[in-house]
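This is what each chain is made of:
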Amino acid sequence: MTGPEIQATPDSSWQNSWREFPWWLVAIFVFLALMGILIIRNPAYNDAFKFIFPGIQVTLYTTITAFAIALVLGLLAGLGRISRNTAVRNIAITYIEFIRGVPTLVLIFTVAFVLVPPISGALGVDNRVVSPNTRAIIALAVIYGAFLAEIFRAGIESISKGQMEAARSLGMTYTQSMRYIILPQAIRNISPALGNDFIAMLKDSSLVSVLAVRDITQLARLHAGSTFRFRESYLVLTFLYLAMTIILSLLLRWYEQRIGKDRG
Amino acid sequence: MSDEIIIIDNLHKYFGSIEAVKAVNLQVKRGEVVVIVGPSGSGKSTVLRCINHLEVPTSGAVYIDGVHLEDKQTDINKVRAEVGMVFQQFNLFPHLTVLENVTIAQRKVRKRSKEEAEQIGMEQLRHVGIPEKASAYPRQLSGGQQQRVAIARALAMQPKIMLFDEPTSALDPEMIKEVLDVMLQLAEEGMTMVVVTHEMGFARAAARRVVFMDNGQVVEIDTPQVLFDRPQHGRTKLFLSKILKH
Ligand SMILES: Nc1ncnc2c1ncn2[C@@H]1O[C@H](COP(=O)(O)OP(=O)(O)O)[C@@H](O)[C@H]1O
Ligand SMILES: [Mg+2]
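What counts and what doesn't
- Residues numbered from 1 in each chain as written.
- Chains lettered and ligands numbered in written order.
- Predicted model: local features only at pLDDT ≥ 70, side-chain atom pairs only at ≥ 80, totals over all residues.
- Heavy atoms only, no water.
- Helix = DSSP H or I, 4+ residues; strand = E, 2+ residues; numbered from the N terminus.
- Rg over C-alpha atoms; globule rule 2.2 N^0.38 Å.
- Near = heavy atom within 4 Å.
- Polar contact = N/O pair within 3.5 Å; in protein donor to acceptor, adjacent residues only side chain to side chain.
- Areas by Shrake-Rupley, 256 points an atom, 1.4 Å probe, with all protein chains shown as cover.
- Nonpolar A, V, L, I, M, F, W, Y, C, P; charged D, E, K, R; others polar.
- Patch = residues over 30% accessible without salt bridge, like charges linked within 9 Å, V, L, I, M, F, W, Y side chains within 5 Å.
- Salt bridge = Lys/Arg side-chain N within 4 Å of Asp/Glu carboxyl O.
- Buried < 20%, exposed > 50% of the residue type's maximum accessible area, 1.4 Å probe, protein only.
- Contact = heavy atoms within 4.5 Å.
- Phe/Tyr/Trp six-rings, centres within 6.5 Å; stacked < 30°, edge-to-face > 60°.
- Lys NZ or Arg CZ within 6 Å of the ring centre and 35° of its normal.
- Pairing = 2+ DSSP bridges.
- Axes fitted to C-alpha atoms, helices over the stretch in contact; angles between N-to-C directions.
- Buried area = accessible area lost by both parts, 1.4 Å probe.

Engineer: Would you mind going over the overall build of chain A in detail, with residue names and values included?
Structural biologist: Check the secondary structure of chain A and you find 11 helices and zero strands. Going from N to C terminus, chain A has its helices and strands arranged as α-α-α-α-α-α-α-α-α-α-α. Compactness check: chain A gives a C-alpha radius of gyration of 23 Å against a globular reference of 18 Å for 264 residues, more than 25% above the reference. For chain A, the spread of C-alpha atoms along the principal axes amounts to about 65 × 65 × 35 Å.

Engineer: Explain the site of ligand 1 to me, and be specific about the residues and the numbers.
Structural biologist: Residues and elements named next belong to chain B. Contacts to ligand 1 come from F15, A20, P39, S40, G41, S42, G43, K44, S45 and T46. A distance of 2.7 Å separates an oxygen atom of ligand 1 from a polar side-chain atom of S45. When isolated, ligand 1 has an accessible area of 560 Å², and the protein chains bury 62% of it. Looking at side-chain class alone, the shell around ligand 1 contains three nonpolar, six polar and one charged residues.

Engineer: Outline unusual backbone geometry, listing residues and values.
Structural biologist: All names here are of chain B. Residue H53 is not a glycine yet carries a positive backbone phi of 65°. Within the secondary structure, H53 sits in the loop between α1 (44-51) and β4 (59-64). For E166, which is not a glycine, the phi torsion comes out positive at approximately 45°. With respect to the element layout, E166 can be found in the loop between β7 (161-165) and α6 (173-188).

Engineer: Which residues make up a nonpolar patch on the surface, and what values go with them?
Structural biologist: All names here are of chain A. Taken together, W14, W18, F21, W23, V26, V30, L34 and I37 make up a surface patch of nonpolar side chains, about 840 Å² in accessible area. If you list the elements that add at least two residues to the nonpolar patch, you get α1 (12-20) and α2 (23-41). For the nonpolar patch, the leading source of residues is α2, giving five residues. Looking at where V30 falls in the secondary structure, it is placed in helix α2. Looking at V30, the relative accessible area reads 44%, which means it is partly exposed.

Engineer: Residue-level account of the side chain of S169 of chain A, with values.
Structural biologist: Tracing the chain through its elements places S169 of chain A in helix α8 (residues 161-169). Judged by its relative accessible area of 3%, S169 of chain A is buried. When neighbours within four sequence positions are excluded, S169 of chain A is seen to be in contact with N52, R80, V83, M85 and F87 of chain B.

Engineer: Would you mind going over helix α3 (residues 98-108) of chain B in detail, with residue names and values included?
Structural biologist: Burial of α3 of chain B is extensive: eight of the 11 residues sit out of reach of the surface. Among all positions in α3 of chain B, only V98, L99, N101, V102, T103, I104, A105 and Q106 of chain B are buried. Contacts made by the buried residues of α3 of chain B are with α9 (174-204) of chain A together with α4 (114-127) and α5 (143-155) of chain B.

Engineer: Describe the packing of aromatic side chains, with residues and values.
Structural biologist: On inspection of all chains with the given rule, the structure shows nine aromatic pairs over all chains. Measuring from centroid to centroid gives 6.4 Å for F109 of chain A and F113 of chain A, while their planes differ by 20°, and the two rings are stacked. Taken together, the residues span about one helical turn, with F109 of chain A and F113 of chain A both in helix α6 (residues 104-122) at a distance of four residues. The class for F109 of chain A is partly exposed, based on a relative accessible area of 36%. A connected cluster of aromatic rings, assembled from ring pairs, spans W18, F21 and W23 of chain A. One cation-aromatic arrangement involves R153 of chain B over F93 of chain B; the distance from NZ or CZ to the ring centre is 4.5 Å.

Engineer: Got a sec to walk through the sheet that holds strand β1 (residues 4-15) of chain B? Specific residues and values, please.
Structural biologist: All names here are of chain B. Read across the sheet, four strands follow the order β2-β1-β4-β5 without closing on themselves; strand pairing throughout is antiparallel. The open sheet terminates on both sides in strands that have one partner only, identified here as β2 (18-29) and β5 (67-68). Relative to β2, β1 runs antiparallel, the two sharing eight bridges. Residue pairing for β2: L11 is matched across the bridge by V24. Packed on one face of the sheet, α1 meets β1, β2 and β4 and runs near 125° to β1.

Engineer: Explain the interface of chain B and chain A to me, and be specific about the residues and the numbers.
Structural biologist: Listed as interface residues are 24 residues of chain B and, on the opposing side, 18 residues of chain A. Together, the buried faces of chain B and chain A total about 1800 Å²; carbon and sulfur atoms form 59% of this surface. Broken down residue by residue, the surface that chain B buries against chain A is led by F93, H95 and K108 of chain B, which jointly contribute 29%. Remark: the boundary between chain B and chain A carries one salt bridge. A salt bridge links R49 of chain B to E165 of chain A, with the nearest nitrogen and oxygen atoms 2.7 Å apart. Scanning the region where chain B abuts chain A turns up seven residue pairs in polar contact (both at pLDDT 80 or more). Residue assignment for the side of chain B that touches chain A shows that the elements contributing at least two residues are α2 (76-81), β6 (83-86), α3 and α5 of chain B. Residues of the side of chain B that touches chain A, tallied by class, amount to 14 nonpolar, four polar and six charged.

Engineer: Before we move on, can you summarise the pattern of salt bridges with the specific residues and values?
Structural biologist: All names here are of chain B. Scanning the model with the defined rule gives 17 salt bridges over all chains in all. Across the pair R49 and E55 runs a salt bridge whose closest N-O atoms are separated by 3.1 Å. In this structure, R49 and E55 share a single accessibility class: buried. We note a salt bridge from R110 to E82, for which the minimum N-O separation is 3.2 Å. Of this pair, R110 sits in the loop between α3 and α4 while E82 sits in the loop between α2 and β6, placing them 28 residues apart in sequence. For R110, a relative accessible area of 25% gives the class partly exposed.

See below:
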């Protein structure tokens, strides 16, 4: 028996593009469009949207700030992870494995209520004035720093040993070689992975609603709780996350294709 | 200033339990060209890499221009700035243009201004015959061109010594000559060079002495004429008969 795909019909290329067409993307855009219409036309959805949407600012601010800090933590921990200094390496591994071994939700509580007080104490800040938003940012940064550390480590290790040797043989220090030779190449290689983790973090930022941070998730919960419009609240919330993540992943795909072509 | 710019004194190197280099002694005079030959795995690269401390000897000492590399007080980066190295795999920096490849270390290590570094960099690109590729990226160059850029990159530091580790082994046959010509020219200009290569023609034309290594040891050191035509040791004869067959 031959399958239909084996027949060389004149319209096989048409069939092929039919099969390859990103129908999933159409389905998602149809959902987003229907939600958009509901939000505009239906007063209950419109109310939910008006209540929840302002939380976008908190969601984005939390995600972007925490991600920026996580990049620094991740780079440091990733470099520490491959350090030849035993103490440095083990501190980095401890941090990474500790974070990876505990659920994100639990870590958010632990960082916000157990780790932040001594840190603020050490910095001479009264723990009670540290806002939930700041705690949330620190928690997400500390958690994602460990994830990003592994990405940075893999990125650095993906650069051939000859690059470091060539740089060192020219008299550059380890730090100079890392900064000017290894990291620029590594970061380019891992930028898609970093982008994926940014999207993951955008979604995980919803967890900080447990700290009463007024992000879109928290506002959706408040709206649902006060109006009992659960369906409207959570569909609008779903719509908002999906719209953000789908736009970001499309941008990421486009960027990946571009750097892929550059290398070709 | 001693006449010997490189002194390798009773060098031993272990990788785990493998003894890659055994009791190697070698001295190289200023302006001398020394070629190292020997079978694969005989420790040639390891000796070469000990000369700029890319490998740390298990025991023994290396002196470059009187500076003891294994001494904890030695600033190894300062020594490396004076010792250029060319690798089999070129190891150009793929994210930088050719001109950036030949200027980055000048700027970060020699602390030269952009203008000065670019002027010296262009000079060296002309030296190796490809100034027109200054703004290209390494991947746009042929293997021979890449290796010549790698030589220019090392020369732009204005080193006292140049080390070459099988610089033509990764090249297509038709590109070997352009690289050897640059190396010959360098030798004529009086550069101190230690070259691991199996290019007999280059050794005969440029080397004052040829070192034959086998099994981590220096078996024989002599002029190319003697070592290639009238080798004293059985192991040298055996090796030469093998590579001449190819
Ligand atoms: N980084 C390393 N780790 C372990 N073994 C090594 C390493 N480098 C070289 N060796 C071993 O040391 C010996 C000498 O290697 P090398 O100096 O590269 O020889 P050659 O350059 O003459 O081919 C070989 O047995 C090789 O496998
Ligand atoms: Mg070798």
